[in-house]
Amino acid sequence: MPPVTDMAAPIAGGACEGGVNLVAALSADEQEIARVMQICNACRYCEGFCAVFPAMTRRLEFNKADTHYLANLCHNCGSCLYACQYAPPHEFAVNVPQAMARLRVRTYQDYAWPRAFGRLYERAGLTVAFALSGGLALFMILAIAMNGRLIHEPLAGNFYAIFPHNFLASLFGVVFLFAVLALAIGVVRFWRAVSPTKDANAADIAAAAKARVPAVAEATHDIARLTYLGGGHGEGCNEDDDAFTLWRRRFHQVTLYGFLLCFAATSVATLYHYLLDLHAPYAFLSAPVILGTLGGIGLIIGPAGLLWLNLKRDAQRADVKQNAMDRGFIMLLLLVSVTGFALLLLRDTRVMALWLAIHLGTVMALFLTLPYGKFAHGIFRTAALLKFNIEKRMPNRLGLGGE
Amino acid sequence: MHGNERSVDERAATKTDTRFASAAPTGASPDVLVIGGGNAALCSALMAREAGASVLLLEAAPKEWRGGNSMHVRNLRCMHDAPQDVLVEAYPEEEFWQDLLKVTGGITNEPLARLVIRHSSRCRPWMRKHGVHFQPPLSGALHVARTNAFFMGGGKALVNAYYRSAEALGVKVRYNTPVKSLELEDGRFIAAITEAGERITAKSCVLGCGGFESNLEWQREAWGQNERGEWTAENFLIRGTRFNQGVLLKFMIDAGADSIGDPTQAHCVAIDARAPLYDGGICTRIDCVSLGVVVNREARRFYDEGEDFWPKRYAIWGRLVAQQPGQTAWSIIDQKAIGRFMPPVFEGTKANTLPELAVKIGLDPAVFMDTLNAYNAACRPGTFDHTALDDCRTEGVTPAKTHWARVIDTPPFYAYPLRPGITFTYLGMKTDATAAVRFQDVPSSNLFAAGEMVAGNVLGKGYTAGVGMSIGTAFGRIAGVNAAASAGHRHPTFQEELAYAAGH
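Residues numbered from 1 in each chain as written. Chains lettered and ligands numbered in written order. Predicted model: local features only at pLDDT ≥ 70, side-chain atom pairs only at ≥ 80, totals over all residues.

**Q** Just give me the short version of the environment of B:P381, but keep the residues and values in it.
**A** Residue and element names in this part refer to chain B. Mapped onto the secondary structure, P381 falls in the loop between α11 (365-378) and β17 (413-425). Residue classification places P381 among the exposed positions, given that 9 C-beta atoms sit within 10 Å. Between the C-alpha atoms of P381 and R393, which are 12 residues apart in sequence, the distance is 7.8 Å. (Helix = DSSP H or I, 4+ residues; strand = E, 2+ residues; numbered from the N terminus. Buried ≥ 20, exposed ≤ 12 C-beta atoms within 10 Å, placed from the backbone.)

**Q** Requested: an account of the packing of helix α2 (residues 39-50) of chain B against helix α6 (residues 155-169) of chain B, with residues and values cited.
**A** Residues and elements named next belong to chain B. Between α2 and α6, the least distance of the axes is 10 Å, while the angle of their chain directions is 25°. Between α2 and α6, the interaxial angle falls into the category roughly parallel. Viewed along their axes, α2 and α6 form a crossing whose handedness is left-handed. On the side of α2, the interface is formed by N39, L42, A45, L46 and R49, while α6 contributes L158, V159, Y162, Y163, S165, A166 and L169. Looking at side-chain class alone, the contact of α2 with α6 contains 9 nonpolar, 2 polar and 1 charged residues. (Axes fitted to C-alpha atoms, helices over the stretch in contact; angles between N-to-C directions. Parallel < 35°, antiparallel > 145°, perpendicular 65-115°, else oblique. Left-handed = near helix turned anticlockwise from the far one by under 90°. Contact = placed C-beta atoms within 7 Å. Nonpolar A, V, L, I, M, F, W, Y, C, P; charged D, E, K, R; others polar.)

**Q** An account of the pairing of strand β7 (residues 179-185) of chain B is needed here, citing residue identities and associated values.
**A** Regular strands show a simple pattern: their side chains alternate between the two faces of the sheet. All names here are of chain B. Alignment of β7 against strand β8 (residues 188-194), held across 6 bridges, turns out to be antiparallel. For S181, the partnering residue across the bridge sits in β8 and is I193. In this structure, the hairpin formed by β7 and β8 is closed by a connection of 2 residues, where D186 is found at a positive phi of approximately 50°. (Pairing = 2+ DSSP bridges.)

**Q** Outline the sheet that holds strand β1 (residues 32-35) of chain B, supporting the account with residue identities and numerical values.
**A** Residue and element names in this part refer to chain B. What the 6 strands build is an open sheet, ordered β6-β2-β1-β10-β20-β19; its pairing is mixed. Each of the sheet's edge strands pairs with one partner strand only, and the pair in question is β6 (172-174) and β19 (436-439). Averaged over neighbouring strand pairs, the angle between their axes works out to 30° when direction is ignored. Bridge count for β1 against strand β2 (residues 55-58) is 4 bridges, and the pairing is parallel. Its bridge partner lying in β2, L33 is registered against L56. In the packing of α2 onto the sheet, the strands contacted are β1, β2 and β10 (204-207), and the crossing angle to β2 comes to about 170°.

**Q** Would you mind going over the nonpolar core in detail, with residue names and values included?
**A** Formed by 277 residues in total, the largest nonpolar core has its most connected members in A:L70 and B:V32. Per-element accounting of this core gives the leading share, 14 residues, to helix α12 (residues 352-369) of chain A. Among all residues touching A:L70, those that are not within four sequence positions of it are A:I33, A:M37, A:V52, A:A55, A:M56 and A:M100. (Core = buried A, V, L, I, M, F, W, Y, C linked by C-beta atoms within 7 Å.)

**Q** Mind laying out the interface of chain A and chain B, listing which residues take part and the relevant values?
**A** Taken together, the contacts link 33 residues of chain A with 38 residues of chain B. Elements supplying a minimum of two residues to the side of chain A that touches chain B: α1 (28-43) and α4 (79-82) of chain A. In terms of residue count, the dominant contributor to the side of chain A that touches chain B is α1(A) (5 residues).

In structure tokens form, the structure reads like this:
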């Protein structure tokens, strides 16, 4: 086995970012990435698959921050594992996607804010279960407390007869703002640790500044198109074997855009309420309902597909300990959309309050777990892709010459 | 992972008296039997299947080690007269031929070499059709951007694609099925006998099961003892698969097939001495030779480290190291070289002074310092440029270093231990443009060979990057088409491509 990167080598720059001590010895997960990357850097056959390998070739050794960055740049598409001449049973036992997956969840945890809440990732299944049962209980109790019962005479879809609008807006607003704040602090900590201009000289800083606009554009493109779920050749990534498939990209796109449409539906409804003084319930053909319906369909098809792929994915490249986190988040998205549709269908019946409580409880669980579950991948991946797109526009200090 | 995929019927057939083997179900007796599971064998299987033949492919390795040495390859040397997708400029037939002539020192067969060269110019659409993806050269390999088309993900990705395509087309694949002998009759193939004793008949057969590089006993015998009494090959490492034991190569030579090549000739490079015995592959190479000096166990230099660009010289350094005492050497560099060569897979031995480095790697510090001092004193001032044949050279030291000679004086110093790494051997079966195996110069009507088993026809010695795949792909496809033809199946489209390659 090759030795890991020289750990005695000084790592310049800020010693500590958030709760993460960047000069501490590499953890076992970080060491594994450093070890694997040293082998990959001497091989480089996988350069065409994704961003991880081009990022790797700019380095000769891999410090803590590098491993955090690369772990979040990896999309776990699997191409490099099936193509690897050093994958198990080879004694080098190179398994890039698994090494990256194991550290990736640690980074969400270590950069989390508040720091103590990072532990929630370790028990992601339990976290989701508690959030969900807590959310459901909360709204059922509130409904009963405010109205005395869950079953009632039809109210023509008037949710606010059950929960006043301002009450819901402030409750969800507070939770949502907290989620945004927690994620923002986490990703800022991460960015400070891996920033492309950390320890950079004046020329590098100038190049990075110049790169910012095109890098933001390209990173946005990489996310919007999910470039790196294409396998480098556009035929897609791997699931249960060495064959390529585009289904993961498709299901993820449907999920991503479904989520954004639901977000848009809520935003439009908020504008209707406060700016236009138009109050719910909105008609089936109104903008909030159409956006929400399309988004909801996306959030049924997408998560269902992702769950199916997740269940049959080759365990060799997964970190099985993350199944609860991955599947818990997917299930929450599914529940939010399914209960949302149920509510839409039942909003004129006697069980509206019950379904409203169920739907709101589920949405609350999703909001509460946004900063402490799988959702974080989108935020950290975005930061890593942005760094990649800046860094690749900066001068490369290595000159490997003829070979 | 899949293990042995033999069906119950097939296992039963093993125990059956061989008299009944011909009466076995058609699945057990294909039109074309392909023995081997690397690039050439897969090309044969795919072509034979495309021609309409039923095909059974026997791979000695389990599924996770399938593909022979092809899982370690990275590109295909391609002739082209104009820029083509991933290939820049042009690499005409004549230039390719001259390159081959140069590296082989003329030990080649011009008509067969030109067949391979011309075939390489038109085979890639077929490769793509079967799922191979090409990409521009890898970083650090720009010097072959003009001549070599890289496989995205390397050779294992190519092998995976071919297996997927073969199985989708209905080629039957059996892993864990090494073949120990053939049943031949007047130069005709009758049946293959597996290690497990199973007899498999077929109308025709392609042998694509590699050289003998992994057979350490055979290597030992071929290289023999040197003047110091050392068994040279005992210190070799095998860069490729552990499954190329040369069983059928030996069988065929013993059975009277015409052979070609010298058993000590091989693709042999200097690799890191700490590499695993098998399957070290590309990452065990040491790319800093031309940036420093190389000393042997006696702490003396023995060859011009700066003769030419390293990619053009690495294939001679395996033999150079094989000739040194203990078949070992050390590449010595200083801090100035760091970041200027492909990062090595193993850390170098590091020291702050040269005598300390000598002690750490177990060399006599006094002799080592004599060597280094003599070299350092001989370095003439020049303008260092490791991307060109620069003017930094030595004067008055033997051997000279003719380029990139810079004083080794900036700590820390690093040493990387070297050993010969054998990629594949060139001893093989003599063949012709039909890929037929020959007995007393008469081609067999239904037995063909491809890949490493015939590479020696084109490569008598030396190597140039990617040419092994050019040879394997050309002979693999031709062997598959001819094996299908001898079983009564004509390939629908290959004739035109072949006519061009054959120069007709």
